[in-house]
Amino acid sequence: MTKSGFVIANLFRKRTRTILTLLSVIMAFLLFGLLQSVNHVFNAGADFVGATRLMVQARVSFTSPLPISMVAKLEAVPGVARVAYSQWFGGVWQENTPLFVFSVDPLRYRDVYPEYVMPDAQWQAFAKTRTAMIAGRQLADQYRWKVGQKIPISSNIFPQKNGSKAWAFDLVGIYDGKDEDWKKRTNVAFISHDYFDEANQFGMKGRTNFFILKLSDGTQAEAVSKRVDALFENSPDETKTQTEKDFNLGFVKQIGDIGLIVRWILFAVFFTLLLVVGNTMAQSVRERVPELAVLKTLGFTDGSVLGFVLAEALALCLFGGLLGLLLATTLGAMIEKGSGRQFQLRLDAWVWSIGVAAIVLMSVAVGLLPALRARRLRIVDALAGH
Amino acid sequence: MLSQALAITGINLKSIPAHWASSLVIVIGLAGVVAVFTALLAMATGFESTLKSTGRTDAVIVMRGGSETELNSALDTDSSELIKQGAGIRAGADGKPLASAEMMVIAELIRKDDVKNGANITVRGVEPAAFALRPQLKIVAGRSFTTGLRELIVGRGVLRQFQGAELGKVVRMRGSDWTVVGVFESGDAHDSELWTDINVARTTFGRNGSSSVLAALDGPDGFEKLKSGLAAEPRLTVDAVREQDYFSGQTKQFRKSIGFLAGVVTLIMALGAVFAALNSMYAAVAARTKEIATLRAIGFGGLPVLISVMLEALLLALIGGLLGALIAYVLFNGLSVSTLGENFTQVVFDFKVTPELVERGLIIAVVIGMIGGLLPAIRAARQPVTTSLREL
Amino acid sequence: MSESMVQVRSVTKVYERGKQKIEVLHGLTLDIPSGDFVALMGPSGSGKTTLLNLIGGLDKPTSGEIVVGGSRIDQLSSGKLAHWRAHNVGFVFQFYNLMPVLSAEGNVELPLLLTKLTSAQRKKNVAVALAVVGLADRAKHKPKELSGGQEQRVAIARALVSDPQLLVCDEPTGDLDRKTADEILGLLQVLNREHRKTIVIVTHDPKAAEFARRTLHLEKGQLLEQAA
């Protein structure tokens, strides 16, 4: 037996009570893990994009397209290394599964997004074949697409010249992400803008939703943004230029303050959990007053008795918390798979680290008062009281 | 037997103050579950009812074929006029078909609570018939816009969530200035919009035609007549949807997402609450071993003991549930928020804590209370009398 | 018998219960030589448990001096006192105060966690202690699986395992039947005679006087006589 063995043995003093408390902790951290990963996906997904790109859209809304002819003017802006553009296609897979599909200029896009990794031969095929399409690894794996296949995709906005909204593209390449974060971004497909422009029925020729500017100097983001917007002010195509990160964040903000909702829910959950576990710890110490006194007679100091109680609280919360986070990771992966990637619920290192921090905080919160009480215990009073 | 059960319950309840902490755990735990459940669904209900109350069944929105939303749709002038002549459309007071071509334009306003990021809202350019088609819409301040001028009327919801669009203010859109001359209220999704004259919108934004045509139906078979008439017309590829169906269809994605979220969160919290309730009730039963044994020795049956424990659990759960509903109501009912609608514009809505929602929350509380009370109740009833008395 | 193990000099103990002050011991003085086996007896409220607690370092006197094994324990801070207890005193209580979650050997091992002994060494010492009290075959049993007398033996083994010089017992036979009580008292006698432990017990049991070397009587916080 060791000191930790002793602590664990004490936890199972009242087995049912410990197990039920443990289950409550597991549930709380299961919810914590799931909600925080949702929150994280929404709010922090922007960080890793870096500061090297700017998004240019029409000032009123990105749904309002800009003329592609603006490319020349954009390339001339000091600080801009390369210009690419992309247009929302409104892709639909099979009956009604929405797909992220954009029409782009292949080589320009390749230059502006070096984080996408694909054999150059495939990029060239994309540029040369009119009806070509490239898809991200995640997307291709999900629907089991293989290079060389003809993929039928509909658009819920743009009909072809023959009036039909059903399109088909040749898959000439599958791209990967350069690292973990970018690998998560491989759920988009790209088609050739020239083909799309020519083949769609609408009078929206030569127009695009976004310009993506690659900066020659990442620290110049703000200055270049201002320059671009000033260039087009008071013209019929006023622009709004911002960093990619701000664009992503702004979009999420429009959905609502997800972070706030998550915080409120977790507040309610942990407040209750505090009560449940705190009550268990308090009861446990109350029942053991004579035993704690005996420990002191044996020579354990007041401080070490406090340590025992805190360790017990920590063991309880750690075991339940880690199990809860583990369950969240598994469940999240299952939900993600089952909903066809609609809900991105992977628990990453960030969520785990704040999870562990929460576990430690909770342990102190539920254990401190009982531990202090144990420390304060006077041997003589405690033994006499029985 | 019932009187026995009630008598025991009475004793149990009187002893609650002695171990108030355990009882508090049940009350607070259930308050939490019900509060979160109610708040999340109040959000969904509020959004749904805002959109559901928009639109009537005797009005029809006609858009370009396959667009699904007004934003994706674009009709040229000829098509718009052609649609208006369709069979099945009622005539207005002036003898002309009661229909309004409408154009959607996206504009940006600054939110009241987040000054850095603007948010998109809908500007709707309308024809005069638009007002006749929406009798629930009333101007509540200022006046309506004058045709031919760059004037706007703004919905009540816009004023609640955004700044810079108050009466008398000038809003800058796409390089042009517009004056806000009136405020309207229609009690539905239109409260999140800015309205103006469609012709002024056309010329200012360099567009022609419209996004959609809203028309009043003529009689119960008007919808069918219009649909078949439009389908038969070779010059048109359009979809006709009842106005109410259009708006309630828009909530589908949001409702599904919130419903899913609420379901998962509530389920997990409910499980946690069950464990907490079990814990507390086991503790309560253990604390009363002697009393229960004495009662049994005196002659009370096992079943009344079981019932009394369940009643205690139920009562605590119910109190917790009511507390949770109250918290949700006080904190969230009527709270105004906005989120992204189908047009990528903001829809303003209020949290709505309805009686039905409260009822559902209480049912959940009762179920949790019953599950949490059952096993401990069985243990209490099965407790052997003699060994328990020996502990005395 | 040799030099003094316990020296109590003019010790007074005053308790405060709210606003009331109760003086339980009045200027008590006594000596306990090393290797002695003393039974402290007296009516309830006589202060015998209080005196025992002071000798064992569980409490400190309000005034006076207490020297045990050469140390002035009335002057030690509570942290140092804990450390002193671990190495110098073993306690046995009326209600065995074993940890219900540990087996017999786990309970006996507990004081050794305060030492720097390795796990193997601890196990060895535990085995020895349990053998001395005659419970080697019950090592793995939990307290609830042991009889009253067996629990008390475990408690004694635990008190012995750090090899302290002094054993302090508060009503060790108070909860036992006659036969078992005699067994326990006999064990204590063996520990005193063969293992040279100084033992002080507080007891109501008149038979205890037969097993001890001498008896001290307390009444109202003062020693009455020193019998041989």
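Source: prediction; values computed, not measured.

**Things to note about the overall build of chain B**
Reasoning step 1: Within chain B one finds 13 helices and 13 strands.
Reasoning step 2: Relative to the 2.2 N^0.38 estimate, which gives 21 Å for 392 residues, the radius of gyration of chain B is 30 Å and therefore markedly larger than a compact globule would have.
Reasoning step 3: Of all 392 residues assigned to chain B, the portion counted as buried reaches 51%.
Reasoning step 4: Considering only contacts in chain B between residues 6 or more positions apart, those separated by 24 or more positions represent 84%.

**Considering the overall build of chain A**
Reasoning step 1: Summing up its helical and strand segments, chain A has 15 helices and 13 strands in all.
Reasoning step 2: A compact globule built from 386 residues would reach a C-alpha radius of gyration of about 21 Å, whereas chain A, at 29 Å, exceeds it by more than 25%.
Reasoning step 3: By principal-axis analysis of the C-alpha atoms, chain A measures approximately 95 × 45 × 35 Å.
Reasoning step 4: Here chain A, with 386 residues, has 45% of them falling under the buried criterion.

**Considering the interface of chain B and chain A**
Reasoning step 1: Tallying the contact residues gives 40 residues for chain B and 35 residues for chain A.
Reasoning step 2: Taken together, the elements giving at least two residues each to the side of chain B that touches chain A come down to α2 (20-52), β2 (99-111), β3 (118-126), α9 (252-287) and β12 (336-340) of chain B.
Reasoning step 3: Among the elements that line the side of chain B that touches chain A, the one with the most residues is α9(B), at 10 residues.
Reasoning step 4: Of the residues assigned to the side of chain B that touches chain A, the class counts are 22 nonpolar, 14 polar and 4 charged.

**Examining the interface of chain A and chain C**
Interface size is commonly expressed as the accessible area that is lost once the parts come together.
Reasoning step 1: With 20 residues of chain A at the contact, the number on the chain C side is 22 residues.
Reasoning step 2: Those elements that provide at least two residues to the side of chain A that touches chain C are α1 (3-11), α12 (289-298) and α15 (379-384) of chain A.
Reasoning step 3: When residues in the side of chain A that touches chain C are grouped by element, the largest group, 6 residues, is from α12(A).
Reasoning step 4: Counted by class, the side of chain A that touches chain C contains 10 nonpolar, 5 polar and 5 charged residues.

**With respect to the environment of K140(C)**
Residue and element names in this part refer to chain C.
Reasoning step 1: In this structure, K140 sits in the loop between α4 (119-132) and α5 (148-160).
Reasoning step 2: The spacing of K140 and A181 is 41 residues in sequence and 24 Å in space, taken between C-alpha atoms.
Reasoning step 3: Contact partners of K140, with chain neighbours within four places excluded, come to S103 and E105.

**Details of the domain arrangement of chain A**
Reasoning step 1: When cut into domains, chain A gives domain 1 (3-45 + 257-385) and domain 2 (60-237).
Reasoning step 2: The distance between the C-alpha centroids of domain 1 of chain A and domain 2 of chain A comes to 48 Å.

**With respect to the domain arrangement of chain B**
All names here are of chain B.
Reasoning step 1: Taken domain by domain, chain B holds domain 1 (2-52 + 252-389) and domain 2 (66-236).
Reasoning step 2: Domain 1 and domain 2 are separated by 47 Å when their C-alpha centres are compared.
Reasoning step 3: Secondary structure elements with two or more residues in the side of domain 1 that touches domain 2: α2, β12 and β13 (346-350).
Reasoning step 4: Counting residues per element, the side of domain 1 that touches domain 2 draws most heavily on β13, at 3 residues.
Reasoning step 5: When the residues that make up the side of domain 1 that touches domain 2 are grouped by side-chain class, the tally is 4 nonpolar, 6 polar and 1 charged.

**Some remarks on unusual backbone geometry**
Reasoning step 1: Even without being glycine, R144(A) reaches a positive phi, approximately 55°.
Reasoning step 2: Locating R144(A) in the fold gives a position in the loop between α6 (137-143) and β8 (150-155).
Reasoning step 3: With 7 C-beta atoms packed within 10 Å, R144(A) lands in the exposed category.
Reasoning step 4: The residue D163(C) is not glycine, and still its phi comes out positive at about 55°.
Reasoning step 5: Here D163(C) shows up in the loop between α5 and β7 (166-170).

**Side note on the environment of K60(C)**
Residues and elements named next belong to chain C.
Reasoning step 1: By the secondary structure assignment, K60 is in the loop between α1 (48-55) and β4 (63-68).
Reasoning step 2: Since 18 C-beta atoms lie within 10 Å of it, K60 is described here as partly exposed.
Reasoning step 3: Taking the C-alpha atoms as reference points, K60 and L166, 106 residues apart in sequence, are found 17 Å from one another.

**A look at the sheet that holds β4(C)**
All names here are of chain C.
Reasoning step 1: Read across the sheet, 4 strands follow the order β2-β1-β4-β5 without closing on themselves; strand pairing throughout is antiparallel. What marks the edges here is a single partner per strand, and that holds for β2 (20-33) and β5 (71-72).
Reasoning step 2: The pairing of strand β1 (residues 4-17) with β4 spans 5 bridges and is antiparallel. Within β4, the position partnered with Q7 by the bridge is V67.

**Describing the nonpolar core**
Reasoning step 1: One finds L31(A) and L40(C) to be the most contacted residues of the largest nonpolar core, which totals 248 residues.
Reasoning step 2: Per-element accounting of this core gives the leading share, 19 residues, to α2(B).
Reasoning step 3: Residues contacting L40(C), with those up to four places away along its chain left out, are K48(C), L51(C), L52(C), V200(C), I201(C), V202(C), L216(C) and L218(C).
Reasoning step 4: Membership of the second largest hydrophobic core comes to 50 residues, among which are V112(A), I134(A), F158(A) and F247(A).

**What about helix α7 (residues 222-232) of chain B?**
Given 3.6 residues per helical turn, the α-helix brings residues three or four places apart onto the same face.
All names here are of chain B.
Reasoning step 1: Listed as buried for α7 are G222, L226 and L230. End-on view of α7: buried residues confined to an arc of 55°, all on one side of the axis. The exposed set on the far side of α7, more than 90 degrees from its buried face, consists of E224 and A232.
Reasoning step 2: Residues of α7 that are buried make contact with β1 (59-64), α3 (77-84) and β11 (238-242).

**Topic: helix α9 (residues 221-232) of chain A**
Residues and elements named next belong to chain A.
Reasoning step 1: With 12 residues, α9 ought to run about 16 Å at 1.5 Å a step, and its terminal C-alpha atoms sit 17 Å apart, in line with that.
Reasoning step 2: Within α9 the residues assigned to the buried category are A221, V224, S225, V228 and F232. Looking straight down α9, one finds its buried side chains confined to an arc of 105°; they lie on one side. Projecting away from the buried face of α9 at angles above 90 degrees are the exposed residues K226 and A230.
Reasoning step 3: Buried residues belonging to α9 abut β1 (53-58), α3 (70-75), β3 (80-88), β12 (210-215) and β13 (239-243).
Reasoning step 4: Within two residues after α9, N234 carries a phi angle of roughly 65°, on the positive side.

**Here's the deal with the pairing of strand β9 (residues 193-197) of chain B**
Residue and element names in this part refer to chain B.
Reasoning step 1: The buried fraction of β9 is high, at 5 of 5 residues.
Reasoning step 2: Sheet topology note: the β3/β9 ladder contains 5 bridges and is parallel. By the bridge assignment, V126 is partnered in β9 with D197.

**Here's the deal with the packing of α5(C) against helix α6 (residues 178-195) of chain C**
All names here are of chain C.
Reasoning step 1: Following both chains from N to C, one finds α5 and α6 inclined at 15°, their axes separated by 10 Å at the closest point. The angle between α5 and α6 places the two elements in the roughly parallel class. The interaxial crossing formed by α5 with α6 has right-handed handedness. Contacts between α5 and α6 involve G148, G149, Q152, R153 and I156 from the first element and T180, E183, I184 and L187 from the second.
Reasoning step 2: Of the residues in the contact of α5 with α6, the class split is 3 nonpolar, 4 polar and 2 charged.

**A look at the packing of α2(B) against helix α11 (residues 302-332) of chain B**
Residues and elements named next belong to chain B.
Reasoning step 1: Following both chains from N to C, one finds α2 and α11 inclined at 40°, their axes separated by 6 Å at the closest point. Judged by the angle between their axes, α2 and α11 are oblique. Between α2 and α11 lies a crossing of right-handed hand.
Reasoning step 2: Of the residues contributing to the contact of α2 with α11, the split by class is 18 nonpolar, 7 polar and no charged.

**A word on the environment of S23(B)**
All names here are of chain B.
Reasoning step 1: If you trace the backbone, S23 turns up in helix α2.
Reasoning step 2: A residue is classified by how many C-beta atoms lie within 10 Å of it, and S23, with 24 of them, is buried.
Reasoning step 3: In this structure, the C-alpha to C-alpha distance between S23 and A317, residues 294 residues apart in sequence, is 9.4 Å.
Reasoning step 4: Setting aside chain neighbours within four positions, we find S23 in contact with I16, S280 and L316.

**Observations regarding the confidence of the model for chain B**
Residues and elements named next belong to chain B.
Reasoning step 1: For chain B, per-residue confidence averages 83 on the pLDDT scale, and residues scoring 70 or more make up 94% of the total.
Reasoning step 2: Within chain B, the lowest mean pLDDT, 65, falls on helix α13 (residues 385-390), and the highest, 92, falls on strand β5 (residues 151-155).
Reasoning step 3: With a pTM of 0.78, the predicted complex shows an ipTM of 0.87.

Conventions and cut-offs
Residues numbered from 1 in each chain as written. Chains lettered and ligands numbered in written order. Predicted model: local features only at pLDDT ≥ 70, side-chain atom pairs only at ≥ 80, totals over all residues. Helix = DSSP H or I, 4+ residues; strand = E, 2+ residues; numbered from the N terminus. Rg over C-alpha atoms; globule rule 2.2 N^0.38 Å. Buried ≥ 20, exposed ≤ 12 C-beta atoms within 10 Å, placed from the backbone. Contact = placed C-beta atoms within 7 Å. Nonpolar A, V, L, I, M, F, W, Y, C, P; charged D, E, K, R; others polar. Domains from an automatic or database assignment. Pairing = 2+ DSSP bridges. Core = buried A, V, L, I, M, F, W, Y, C linked by C-beta atoms within 7 Å. Arc of directions from axis to C-beta. Expected span 1.5 Å × (residues − 1). Axes fitted to C-alpha atoms, helices over the stretch in contact; angles between N-to-C directions. Parallel < 35°, antiparallel > 145°, perpendicular 65-115°, else oblique. Left-handed = near helix turned anticlockwise from the far one by under 90°. pLDDT = per-residue confidence, 0-100.

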